[in-house]
Amino acid sequence: MKDLSEHILDIVGNSIRAGALLIEIGLEVLVIEKVLILRIRDNGCGMSEEMVARVTDPFVTSRTTRKVGLGLPFLKMNAELTGGAVKVASEEGKGTLVEALFYHHHIDFVPRGDLKGSMALIMSGNPNVDFVLSLKRGSDAFEIKSADIKEVLGDVPINHPKVGRFIKEMMDFSLLE
Amino acid sequence: MAKVKTLDDLRRMKDQLKSKISLRENGENPESMVQVKISMSTCGIASGAKEIMNFFMDEFDSQGLDAVVTQTGCMGYCYAEPTIEVTKPGEKPLVFGDVTTDKAMEIIEKYIKEGELVDGIIPDSYETIE
């Protein structure tokens with residue numbers, strides 16, 4: 001993965017495949033610690049304890065189309081390259097939380113990438129799933145919920161390309177800079 | 001820097017948006033349109049599937065073509081990412097591999113518009129995976 005936005009797209013894909021109906025994506029900057037934390041929490045089918053212990057193994061996947069699963073291992077690699085870590089917590093039937101910690105001033109921290117584009121793609125590409133994006137930096141915060149967008153849109157479909165482009169302009173990632 | 005849009009802006013934009021898209025949405029049923037599915041798993045994303053998806057959406061929009069672009073999971077052709085599946089109305093779906101923006105343009109101009117087959121179809125006897 002070349003950037004953070006692609007990791008988000010990727011890990012959210014796992015949540016969607018787990019049948020989640022609510023996916024919370026959080027990005028938090030801890031200024032003094034120079035840390036960026038990415039949290040993706042879903043209410044999908046969850047995983048057993050044994051699976052949680054093995055998910056960051058590249059040769060473990062729940063898919064049948066192929067024998068490798070590289071999404072989480074890649075995220076783990078990119079977090080660890082900066083001195084950070086990845087934590088996965090899950091409970092069967094309840095959902096999963098993936099937490100990645102990056103020291104984002106580290107030279108090996110991947111670029112943020114097209115976060116706006118990825119978020120718009122995630123929200124408008126999955127009309128049946130609700131997403132909450134929240135950014136936090138100290139006391140500053142930004143939050144956007146796809147449920148609110150859908151409510152405003154009424155009978156206009158959220159997966160229309162023009163809506164997708166508009167959602168992109170509703171994103172504000174300036175808190176991360 | 002462009003101002004960030006809010007929900008209020010969206011509310012204001014909604015009617016305008018509605019009149020623009022109603023024409024297309026009225027006759028909407030996916031079978032009557034060209035469907036393009038972009039494989040967007042780890043393998044696809046890492047190979048640049050997002051860029052291809054944006055390209056298709058922009059191109060269909062600017063050319064006014066009746067087509068839907070959606071995401072799908074890994075089709076098992078990780079060696080040939082980015083892969084896309086194109087379904088024309090009434091025809092069998094076709095999978096194209098190693099799609100670049102140039103290839104995407106060729107697929108639009110030759111296959112989608114003219115029905116002419118282009119290189120890059122995988123495999124020969126393809127059946128759509130549900």
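Residues numbered from 1 in each chain as written. Chains lettered and ligands numbered in written order. Predicted model: local features only at pLDDT ≥ 70, side-chain atom pairs only at ≥ 80, totals over all residues.

**A few points about the overall build of chain B**
Now for step 1: Scanning chain B from N- to C-terminus turns up 4 helices and 4 strands.
Now for step 2: From first element to last, N terminus to C terminus, chain B shows the α and β order α-β-α-α-β-β-β-α.
Now for step 3: Per-residue burial for chain B yields a buried fraction of 29% across its 130 residues.
Now for step 4: Sequence separation of at least 24 residues holds for 65% of the intrachain contacts in chain B that already meet a minimum separation of 6. (Helix = DSSP H or I, 4+ residues; strand = E, 2+ residues; numbered from the N terminus. Buried ≥ 20, exposed ≤ 12 C-beta atoms within 10 Å, placed from the backbone. Contact = placed C-beta atoms within 7 Å.)

**Some details on the interface of chain B and chain A**
Now for step 1: Taken residue by residue, the interface counts 29 residues in chain B and 29 residues in chain A.
Now for step 2: If you list the elements that add at least two residues to the side of chain B that touches chain A, you get helix H1 (7-26), helix H2 (42-46) and helix H3 (49-63) of chain B.
Now for step 3: Broken down by class, the residue content of the side of chain B that touches chain A amounts to 14 nonpolar, 7 polar and 8 charged. (Nonpolar A, V, L, I, M, F, W, Y, C, P; charged D, E, K, R; others polar.)

**Quick look at the confidence of the model for chain B**
Predicted coordinates in regions of low pLDDT should not be interpreted in detail.
Now for step 1: Chain-level pLDDT for chain B is 84 on average; 83% of the residues reach the 70-or-more range.
Now for step 2: Here the complex is predicted with pTM 0.88, and the ipTM for its interfaces comes to 0.84. (pLDDT = per-residue confidence, 0-100.)

**Looking at the packing of helix H1 (residues 4-17) of chain A against helix H3 (residues 71-81) of chain A**
All names here are of chain A.
Now for step 1: In contact at an axis separation of 10 Å, H1 and H3 are set at 140 degrees when each is read in the N-to-C sense. The orientation of H1 relative to H3 falls into the category oblique. Handedness of the crossing formed by H1 with H3: left-handed. Contacts from His7, Asp10, Ile11 and Asn14 in H1 reach Gly71, Leu75 and Asn78 in H3.
Now for step 2: For the contact of H1 with H3, the residue count by class is 2 nonpolar, 4 polar and 1 charged. (Axes fitted to C-alpha atoms, helices over the stretch in contact; angles between N-to-C directions. Parallel < 35°, antiparallel > 145°, perpendicular 65-115°, else oblique. Left-handed = near helix turned anticlockwise from the far one by under 90°.)

**Regarding the sheet that holds strand E4 (residues 94-96) of chain B**
Residue and element names in this part refer to chain B.
Now for step 1: As summarised here, the arrangement of the 4 strands in space is E2-E1-E3-E4, forming an open sheet in which the pairing is mixed. Here the strands that pair on one side only, and so sit at the sheet edges, are strand E2 (67-72) and E4. Adjacent strand axes in the sheet meet at a mean angle of 25 degrees, parallel and antiparallel pairs treated alike.
Now for step 2: Sheet topology places strand E3 (residues 84-87) next to E4; 3 bridges connect them, and they run antiparallel. Considered in E4, the bridge of Ile84 is made with Phe96. (Pairing = 2+ DSSP bridges.)

**Let's talk about the nonpolar core**
Now for step 1: Counting 70 residues, the largest nonpolar core has Val12 and Ala100 of chain A together with Ile38, Ile52 and Phe56 of chain B as the members making the most contacts within it.
Now for step 2: Not counting residues up to four positions away in its chain, the partners in contact with Ile38 of chain B are Ala49, Ile52, Met53, Val69, Gln71, Thr72, Pro82 and Ile84 of chain B. (Core = buried A, V, L, I, M, F, W, Y, C linked by C-beta atoms within 7 Å.)

**Some thoughts on the sheet that holds strand E1 (residues 22-30) of chain A**
All names here are of chain A.
Now for step 1: Taken in spatial order, the 6 strands of this open sheet run E3-E4-E2-E1-E5-E6, and their pairing is mixed. In this open sheet, the two strands that pair with only one neighbour each are strand E3 (85-91) and strand E6 (140-145). The mean angle between the axes of side-by-side strands here comes to 10 degrees, regardless of whether they run parallel or antiparallel.
Now for step 2: Pairing geometry for E1 and strand E2 (residues 35-42), over 8 bridges, is antiparallel. Note that in E2 the partner of Leu27 across the bridge is Leu38.

**Some words on unusual backbone geometry**
Now for step 1: Here the bond from Glu81 of chain B into Pro82 of chain B is cis, since omega is -5 degrees, no more than 30 degrees from zero.
Now for step 2: By the secondary structure assignment, Pro82 of chain B is in the loop between E2 and E3.
Now for step 3: At Lys34 of chain A, a residue that is not glycine, the phi angle is positive and equals roughly 55 degrees.
Now for step 4: In this fold, Lys34 of chain A is placed in the loop between E1 and E2.
Now for step 5: Here the phi dihedral of Asp98 of chain B falls at roughly 50 degrees; this positive angle occurs in a residue that is not glycine.
Now for step 6: Relative to the assigned elements, Asp98 of chain B resides in the loop between E4 and helix H4 (101-114).

**Regarding helix H4 (residues 115-125) of chain A**
Each α-helix winds once per 3.6 residues, and so residues spaced three or four apart point in a common direction.
Now for step 1: Counting buried residues in H4 of chain A gives 10 out of 11 residues, a clear majority hidden from the surface.
Now for step 2: Taken residue by residue, H4 of chain A has Leu115, Gly117, Ser118, Met119, Ala120, Leu121, Ile122, Met123, Ser124 and Gly125 of chain A as its buried positions.
Now for step 3: Considering only its buried residues, H4 of chain A is in contact with H1, strand E5 (130-137), helix H5 (146-153) and helix H6 (161-170) of chain A together with H3 and E2 of chain B.

**Overview of the packing of H1 of chain A against H4 of chain A**
Residues and elements named next belong to chain A.
Now for step 1: It is at 8 Å that the axes of H1 and H4 come closest, and there the two elements cross at 15 degrees. Taken together, H1 and H4 sit at an angle that is classed as roughly parallel. Judged by the sense of rotation from one axis to the other, the crossing of H1 with H4 is right-handed. Across the interface between the two elements, Leu4, Ser5, Ile8, Leu9 and Val12 of H1 pack against Leu115, Gly117, Ser118, Leu121 and Ile122 of H4.
Now for step 2: Tallied by class, residues from the contact of H1 with H4 come to 7 nonpolar, 3 polar and no charged.

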